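A closer look at the structure
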Amino acid sequence: MNVISTRGADAVPLAEAIAKGQAPDGGLYMPQTIVTQNAPWGDTLVERATNAMLPFFKGDALEPHLHDIVAESLSFDAPVRQLNDDTALLELFWGPTAAFKDFGARFLASCLTRLFEPTQQHTVLVATSGDTGAAVAAAFHKKPGVRVAVLYPDGRVSPRQAHQLGAFGDNIATYRVAGTFDDCQRMVKAAFSDTELSERHGLVSANSISLGRLLPQMSYYVNAALTARDQGQPPPNFIIPTGNLGNAFACLMARESGLPIGKIALACNANRVLPDFLTSGDYQPRDSVATLANAMDVGAPSNLERLRHLFAEPATVVRADSVSDDEIRATIQATFQQTGEIVCPHTACGLTVREQLRAAGDTDKWVVAATAHAAKFAEVVEPLVGQQIPVPAALQELLDRPAHATAMAPSLDALAAALDG
Ligand SMILES: *Cc1c(COP(=O)(O)O)cnc(C)c1O
């Protein structure tokens, strides 16, 4: 299938859009159509993910590889675990870096390594609010012909996230930028707009705007919806902790393509651009504020452009609520006391919204996307639950390595110098 830009540039093959990341007119690539699915789905996450993405890859250079790409990149589970009678968690943190970003980053890396010219050097450039950078670094670590430059906002990621980001070495360079995530994102955008710089380094995008990250994020919603259907349950309603709207947009796409998915609600932290937009219709990007759910500290959610492109009236398809740091803390404590479950601050935003819905009289069952493992945010979560959080093996392996990140000023010049250096 060809893909189009939200700003109207000529349609291009999906493989080209995945290789480029962003459309040449500054817009975001979108599938030309979202095909309604009625195929036999298969029983496993890999089969279902392949079938869900197949219509988008029809006729594309990557189509013959799709099954292999999915099998090698989405090689861990996304189980739904019941918290109580009417609330479940969709656990998205069983990949190598313990956050849902592993699904998109690994799929994108598997696509890109098949698209790269073997003779050419490539630089994957990625801005991260905490989790993306590690997922992308892990996905490309030690892959030949490619280096990765990761930019993260210094002091605005958790200590374990920072350690993880700097722990790869080899073909991964990590930069701690004296600024916010939005500064990092601006620098990366500016680098891609600089044609000369971009060609000199073979720059490749791995940010959440890439369709190569968005499409595979449909997988776990497709899988959860089909599993619910097979068990004779009604279409699940999802609450999705949201920053750049990538994860949630994939869920919206899964529902548009005919999957049995009920309501979709977004849980934002104190950065309330999305809730305000959906209530007022007025889009007011602003500087992000630092919160406990740092991977969602976004003041200008990039995928909003896709939301507005696909839906004439976004407020009719999705709702969004904002959660304060105090509410995050209270929810982490209450969840632990009531269920024994230890959740990360992002997941806690989702669970807070879940309880707000209940308090407002909603009687539906909800599945909350658990976007990261709590152990990544131990310094926040452990004092609240009064005990140590067991660390998943893959995360522990990274934490046991030494880490290094180079300081960087928040400017394109500084980034260009580092890439040239
Ligand atoms: C990135 C991230 C989010 C936000 O996802 P978006 O796709 O940007 O909305 C939420 N939680 C965690 C743990 C993340 O890493």
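Treat the numbers as computed from the prediction; the structure is a model and nothing was measured.

**Here we look at the environment of Ser 193**
Tracing the sequence through the fold places Ser 193 in helix 7 (residues 181-193). Considering only alpha carbons, one finds Ser 193 and Gln 22, 171 residues apart in sequence, at a separation of 9.9 Å.

**Concerning the state of the cysteines**
Note on terminology: a disulfide is the covalent bond linking the sulfur atoms of two cysteines. The tally for this structure, following the rule as stated, stands at zero disulfides. Cys 344 carries a free sulfur, and the closest cysteine sulfur to it, the one in Cys 349, is 8.2 Å from it. Given the relative accessible area of 0%, Cys 344 is considered buried. When its relative accessible area of 0% is taken as the criterion, Cys 349 is described as buried.

**Regarding the packing of aromatic side chains**
The full count for this structure, using the stated rule, is seven aromatic pairs. One aromatic cluster is present, formed by Phe 76, Phe 103, Tyr 220, Tyr 221 and Phe 238 through successive ring pairs.

**A few points about the sheet that holds strand 3 (residues 29-31)**
One key point about sheets: their strands pair by backbone hydrogen bonds, in either a parallel or an antiparallel sense. In spatial order, the strands read 2-1-3; together these three strands make up an open sheet with antiparallel pairing. Strand pairing shows two members of the sheet lacking a second neighbour, strand 2 (12-13) and strand 3, which therefore form its edges.

**A short note on the nonpolar core**
Core analysis: the largest hydrophobic core is formed by 95 residues, its most contacted members being Phe 57 and Tyr 221. If sequence neighbours within four positions are ignored, Phe 57 has contacts with Met 1, Leu 14, Ile 18, Leu 62, Glu 63, Leu 66, Phe 107 and Leu 215. One finds Ala 293, Met 296, Val 323 and Ala 372 within the second-largest nonpolar core, a separate group that totals 36 residues.

**Some details on the site of the ligand**
In the neighbourhood of the ligand, 15 residues make up the surrounding shell, with Lys 101, Asp 131, Gly 243, Asn 244 and Thr 371 lying closest. Within the contact set of the ligand, an oxygen atom lies 2.8 Å away from a backbone nitrogen or oxygen of Asn 244. Gly 246 is positioned such that a nitrogen or oxygen atom in its backbone is 3.0 Å from an oxygen atom of the ligand. The protein chains hide 97% of the 380 Å² of surface that the ligand would expose on its own.

**Overview of the side chain of Ser 257**
Within the secondary structure, Ser 257 is located in the loop between helix 11 (246-256) and strand 11 (264-268). Within the structure, Ser 257 has its side chain in polar contact with the backbone oxygen of Ala 254 (distance 3.0 Å). Beyond its immediate stretch of four places on either side in the chain, Ser 257 contacts Ile 34, Val 35, Thr 36, Gln 37 and Met 218.

**Considering the packing of helix 10 (residues 219-230) against helix 11**
Remark: helix 10 packs on helix 11, axes separated minimally by 8 Å, with the N-to-C direction vectors making an angle of 50 degrees. Taken together, the axis directions place helix 10 and helix 11 in an arrangement best described as oblique. In this structure, helix 10 crosses over helix 11, and the sense of that crossing is right-handed. Packed against helix 10, whose contacting residues are Tyr 220, Tyr 221 and Val 222, the element helix 11 presents Asn 247, Ala 250, Cys 251 and Ala 254 at the interface. The residue inventory of the contact of helix 10 with helix 11, partitioned by class, reads six nonpolar, one polar and no charged.

**Considering the sheet that holds strand 7 (residues 146-153)**
Pairing in this open sheet of five strands is parallel, and the strands run 9-6-7-8-14 from one edge to the other. Looking at which strands have only one partner, the edges of the open sheet turn out to be strand 9 (203-205) and strand 14 (406-408). Sheet twist, expressed as the mean angle between neighbouring strand axes with direction ignored, is 30 degrees. Of the strand pairs in this sheet, strand 6 (residues 122-127) and strand 7 are connected by six bridges, and their pairing is parallel. The residue bridging Val 124 from the neighbouring strand is Val 148, located in strand 7. Sheet strands touched by helix 5 (residues 132-140): strand 6, strand 7 and strand 8 (172-177). Its angle to strand 6, the strand with the most contacts, is close to 160 degrees.

**Digging into the side chain of His 373**
With respect to the element layout, His 373 can be found in the loop between strand 13 (366-370) and helix 16 (378-385). Among the residues examined, His 373 registers a relative accessible area of 10% and is labelled buried. If we skip the residues at most four places from it in the chain, His 373 touches Phe 93, Trp 94, Ala 98, Cys 344, Ile 389, Pro 390 and Pro 392.

**Concerning the pattern of salt bridges**
In the structure shown here, the tally under the stated rule is 22 salt bridges. Close ionic contact of Glu 305 with Arg 7 constitutes a salt bridge, the shortest N to O distance being 2.7 Å. Taken together, the residues Glu 305 in helix 13 (residues 304-310) and Arg 7 in the loop between strand 1 (2-5) and strand 2 connect sequence positions 298 residues apart. By relative accessible area, Glu 305 is classed as partly exposed at 24%. For Asp 276, the salt bridge identified is with Arg 272, shortest N-O distance 2.9 Å. Exposure remark for Asp 276: the relative accessible area of 22% places this residue in the partly exposed category. Connected through salt bridges with shared partners, the residues Asp 86, Arg 354, Glu 355 and Arg 358 form a single ionic network.

Conventions we followed
Throughout, residues of each chain are indexed from 1 in the direction in which the sequence is written. Where totals are concerned, whole chains, interfaces and linings use all residues; where local detail is concerned, this predicted model gives features only for residues with pLDDT of at least 70, and gives and counts side-chain atom pairs only at 80 or more. Processing note: side-chain calculations cover all non-hydrogen atoms of the structure and skip hydrogens and water entirely. Under the DSSP-based scheme used, a helix requires at least four consecutive residues in state H or I and a strand at least two consecutive residues in state E, with every element numbered from the N terminus. Cysteine sulfur atoms are paired as a disulfide whenever they fall within 2.5 Å. Any residue under 20% of the maximum accessible area for its type is buried, any over 50% is exposed, and the rest in between are partly exposed; the area is computed with a 1.4 Å probe on protein chains only. Any two rings among Phe, Tyr and Trp, with Trp reduced to its six-membered ring, count as a pair given centres within 6.5 Å; such a pair is stacked if its planes are under 30 degrees apart, edge-to-face if over 60, and tilted if neither. One requirement defines pairing of two strands: DSSP has to find at least two bridges between them. To define a nonpolar core, start from buried Ala, Val, Leu, Ile, Met, Phe, Trp, Tyr and Cys residues and group those joined through side-chain atoms within 4.5 Å. In this description, contact between two residues means that some pair of their heavy atoms is separated by no more than 4.5 Å. In these notes, residues near a molecule or strand are those with any non-hydrogen atom within 4 Å of it. A 3.5 Å cut-off defines polar contacts: any pair of N or O atoms within that distance qualifies, except that in protein one atom must be a possible hydrogen donor and the other a possible acceptor, and neighbouring residues in sequence count only when both atoms are side-chain atoms. Here, Shrake-Rupley sampling with a 1.4 Å probe gives the accessible areas, and only protein chains in the shown set may cover a residue. Axis definition: a line fitted to C-alpha atoms, over the contacting stretch in the case of helices. Angles run 0 to 180 degrees between N-to-C directions. For classification purposes, angles smaller than 35 degrees are called roughly parallel, those larger than 145 roughly antiparallel, those between 65 and 115 roughly perpendicular, and all remaining angles oblique. Whether a crossing is left-handed or right-handed is set by the direction in which the near helix is turned from the far one by less than a right angle, anticlockwise for left-handed and clockwise for right-handed. Charged residues are taken to be Asp, Glu, Lys and Arg, nonpolar residues to be Ala, Val, Leu, Ile, Met, Phe, Trp, Tyr, Cys and Pro, and polar residues to be all remaining types, Gly included. Basic side-chain nitrogens of Lys or Arg form a salt bridge, by our definition, when they fall within 4 Å of a carboxyl oxygen of Asp or Glu.

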